[in-house]
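# What the coordinates show
As a plain string of letters, each chain reads:
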Amino acid sequence: MRKRIIKKIFFYIILFLLWEGLVLLKFWPEYIFPSPIKVFKTMIAGLQDLTFLIAIGISLRRILIGYGISILFGGSLGLLMSKFKSIDDTLCGLILGLQTLPSICWLPLSLLWFGLNERAIIFVVIMGALFSITIATDSGIKNVSPLYIKAGRNMGGRRFRLFLYVIIPAALPSIISGLKQGWSFAWRSLMAGELLFVNLGLGYLLMMGRELNDMSQVIAVMLIIALISIFVDKLILGRIELSIRRKWGTG
Amino acid sequence: MTNNMVILKLENISKYFIGRNGKLPVLKNINLEIEEGEFLCIVGPSGCGKTTLLNIIAGLERSNSGVVLHKGKSVDMASPERILIFQELGLFPWLTVQKNVEFGLRLKKISSKEREKIALEYLDMVNLIKFKSAYIHELSGGMKQRVALARALAINPEVLLMDEPFTSLDAQTRDILHVEIQKIWSITKKTIVFVTHNVREAVCLGNRVIVFSSTPTEIKAIFRVDLERPRHIEDHGLMEIARLVLSELKFEIEKVFEEEFSAKTDN
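Every chain is numbered on its own, with residues counted from 1 as its sequence reads. Chain A is the first chain written and ligand 1 is the first ligand written, with later ones labelled in order. Local features are withheld for residues below a pLDDT of 70 in this predicted model, meaning they are given only at 70 or higher, and side-chain atom pairs are given and counted only at 80 or more; totals for whole chains, interfaces and linings count all residues. The side-chain numbers reported here are obtained from all heavy atoms of the structure, hydrogens and water having been left aside.

### Quick word on the overall build of chain B
- When its secondary structure is counted, chain B shows 7 helices and 10 strands.
- Restricting the calculation to C-alpha atoms gives the radius of gyration, and the globule rule supplies 2.2 Å times the number of residues raised to the power 0.38. Its C-alpha atoms give chain B a radius of gyration of 19 Å, within 12% of the compact-globule value 18 Å for 267 residues.
- For the C-alpha atoms alone, the extent of chain B along its principal axes is close to 60 × 45 × 40 Å.
- Burial classification: accessible surface area is computed with a 1.4 Å probe over protein chains only, and a residue below 20% of its type maximum counts as buried, one above 50% as exposed, and the rest as partly exposed. Looking at chain B as a whole, 52% of its 267 residues qualify as buried.
- Residues count as neighbours in contact if any of their non-hydrogen atoms are within 4.5 Å of one another. Within chain B, contacts between residues separated by at least 24 positions form 70% of all contacts whose residues are at least 6 apart in sequence.
- In short, Shrake-Rupley with a 1.4 Å probe defines the accessible areas, and a residue's cover is counted only from the protein chains shown. For chain B, the exposed surface amounts to about 12,500 Å²; the carbon and sulfur share of it is 51%.
- The convention is simple: Lys and Arg are positive, Asp and Glu are negative, and His and the chain ends are not counted. Every charge is mapped onto a representative atom, which is NZ of Lys, CZ of Arg, CG of Asp or CD of Glu. In chain B, 36 positive and 35 negative side-chain charges are present, and the distance between their average locations comes to 6 Å. Helical segments are the DSSP runs of H or I of at least four residues, strand segments are the runs of E of at least two, and each set is numbered from the N terminus.

Encoded structure:
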């Protein structure tokens, strides 16, 4: 474990030195290829004068609302599909089809429906995560071993309690991987949306960096976007997934 | 033993499956009375519908005709009064050992304090207190068996149905569990219906041993075993009876083989 951490730190130091070295060699002018120190300074300055913090706050608010709604609707839709065969038969193909559509393709429609406002961009985020969560919930529930259901029924489990105590926990590993996939789709669509439809948020800040010809801001914002994504994916959802896999003995 | 009340009564139980070649009869007119507190063992050739019969008794599957009466009431759905320990156990991997044992009590809406008390009592009975916080995948095969047994006993069912529970275990573990299950039976006085394909195991555990024929399954023979307990699978008297049972069963097993082989050559 410690060896791995040391290796990682070493790797990033080398990366940093390489980057700094390339800057010092002056292959490219500084406004195209800024030094890591300059990027870092920009990041600190942006956080200090609140422009970055506000952008982070706005983007996080959008993703939380959009992703939250996706979980709610995707979960319910997946549940209905797993329970009612006619819903499954009719919706399944459509949902698989819609999932292949990159969610940013919903932006024009969304702008026409909602206008240039928050709802338009949240709609795109919802469409990004909704179908992966639906499909994962549906297949997770369908693939619960009949043995667990039988055991639950035998011990007195009926309908709701059987569902709550047996089916949901048994389907959880699959649902969690759907949530992870949904998260990365939602985050990507939010960034794409913010880039195209410029109105605050991290994507907007990225675009502004381009317009001001400020490469250090562009890179700093890119780093922030990646860091947030890693934080949620690895530290929140990844942790939940790991704890489930430990219990099941599959990780 | 013989004066005990009949707890389970099977009347003309028949069951068929629909296969590619039409109806496939599995159980044919099974009539059986099981007394309260009895340890009944059923042996039969593989594929003879022993598991199906247990599922029907548990209420997890329906027969095509006939009824199962539990204390005179017809069984039409699963009930915690008849707990089936599956061959694959069906322990819940997302719960700890203790939470698995508490599961049926949670469904009965028993308070968490009371649940814990009962769970620990039965975990103690199967000598697994030390592993109460472990998850299922961390246990050995024999330990998993004992968790399944504790989980079933904690519900305090009237009837315990066991489907070849010790088949996948090594011989030493099986021996230990034979002793344990006899001990638990004598403490709890549960009615146990125990299905196995191992004749000596059946004679070792049962008050009665029922031999099933090959499909369509009928009751071929019934043996009463009045040996003293605790019995051990290597006991001399036990081997004598086992030989008698085996001679009944052997004929059926050979019949199954013949059918399988002839089916092969037909193709």
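### What about the interface of chain B and chain A?
- Every contact between the two is made by 27 residues of chain B and, on the other side, 20 residues of chain A.
- A quick way to say it: buried area is the sum, across both parts, of accessible area lost when two parts are put together, with a 1.4 Å probe. Of the roughly 2,200 Å² buried where chain B meets chain A, counting both sides, 65% is carbon and sulfur surface.
- A pair is scored as a salt bridge if a Lys or Arg side-chain nitrogen falls within 4 Å of a carboxyl oxygen belonging to Asp or Glu. Joining chain B to chain A, the criterion identifies 0 salt bridges.
- Polar contact criterion, stated in full: a pair of N or O atoms within 3.5 Å, where within protein one must be able to donate a hydrogen and the other to accept it, and residues adjacent in sequence count only if both atoms are side-chain atoms. At the junction of chain B with chain A, the criterion picks out 7 residue pairs in polar contact (both at pLDDT 80 or more).
- Contributing elements (two or more residues each) for the side of chain B that touches chain A: β6 (82–85) and α2 (97–107) of chain B.
- The greatest single-element share of the side of chain B that touches chain A, amounting to 4 residues, is contributed by α2 of chain B.
- Taken together, the residues that form the side of chain B that touches chain A break down as 15 nonpolar, 6 polar and 6 charged. Three classes are used, and their members are as follows: Ala, Val, Leu, Ile, Met, Phe, Trp, Tyr, Cys and Pro are nonpolar, Asp, Glu, Lys and Arg are charged, and the others, Gly among them, are polar.

### Some thoughts on the side chain of aspartate 233 of chain A
- Within the secondary structure layout, aspartate 233 of chain A lies in helix α10 (residues 215–248).
- Non-local contacts of aspartate 233 of chain A, meaning those with residues more than four positions away in its chain, are made with Lys180, Trp183 and Gly238 of chain A.

### Overview of the environment of isoleucine 168 of chain A
All names here are of chain A.
- Topologically, isoleucine 168 is positioned in helix α8 (residues 159–196).
- With relative accessibility at 26%, the residue isoleucine 168 sits in the partly exposed group.
- With 15 residues separating them in the primary sequence, isoleucine 168 and tryptophan 183 have C-alpha atoms 20 Å apart.

### Structural notes on the sheet that holds strand β8 (residues 191–196) of chain B
Residue and element names in this part refer to chain B.
- The rule for pairing is simple: two strands pair if DSSP sees at least two bridges between them. Strand order in the open sheet formed by 6 strands is β6-β7-β8-β3-β9-β10, and the pairing between neighbours is mixed. Bordering the open sheet on either side are β6 and β10 (219–224), each of which pairs with just one other strand. For this sheet the average axis-to-axis angle between neighbouring strands, irrespective of direction, equals 15 degrees.
- With 4 bridges joining them, strand β3 (residues 39–43) and strand β9 (residues 208–212) adopt parallel strand pairing. The residue bridging cysteine 41 from the neighbouring strand is valine 209, located in β9.
- Where helix α1 (residues 50–58) meets the sheet, it contacts β3, β6, β7 (159–163), β8 and β9, and its direction lies at approximately 155 degrees from that of β7. Comment: axis = line fitted to C-alpha atoms, over the contacting stretch for helices; angle = value between 0 and 180 degrees taken between N-to-C directions.

### Some remarks on the confidence of the model for chain A
- pLDDT expresses how confident the predictor is about each individual residue, on a scale running from 0 to 100. With 99% of its residues at a pLDDT of 70 or more, chain A shows a mean pLDDT of 91.
- Within chain A, the element-level pLDDT minimum falls on helix α4 (residues 85–100) of chain A, averaging 88, and the maximum on helix α7 (residues 146–154) of chain A, averaging 95.

### Notes on the packing of helix α9 (residues 201–211) of chain A against α10 of chain A
All names here are of chain A.
- In contact at an axis separation of 8 Å, α9 and α10 are set at 160 degrees when each is read in the N-to-C sense. Taken together, α9 and α10 sit at an angle that is classed as roughly antiparallel. Considering how the two elements wind past one another, α9 and α10 form a crossing that is left-handed. Facing α9, whose interface residues are Leu202, Leu205, Leu206, Met208, Gly209 and Arg210, α10 presents Gln217, Val218, Val221, Met222, Ile224, Ile225 and Ile228.
- Partitioning the contact of α9 with α10 into residue classes produces 10 nonpolar, 2 polar and 1 charged. Each angle receives one of four descriptions, namely roughly parallel if under 35 degrees, roughly antiparallel if over 145, roughly perpendicular if within 65 to 115, and oblique otherwise. Helix crossings are classified by the rotation of the near helix relative to the far one: an anticlockwise turn of less than a right angle makes the crossing left-handed, while a clockwise turn makes it right-handed.

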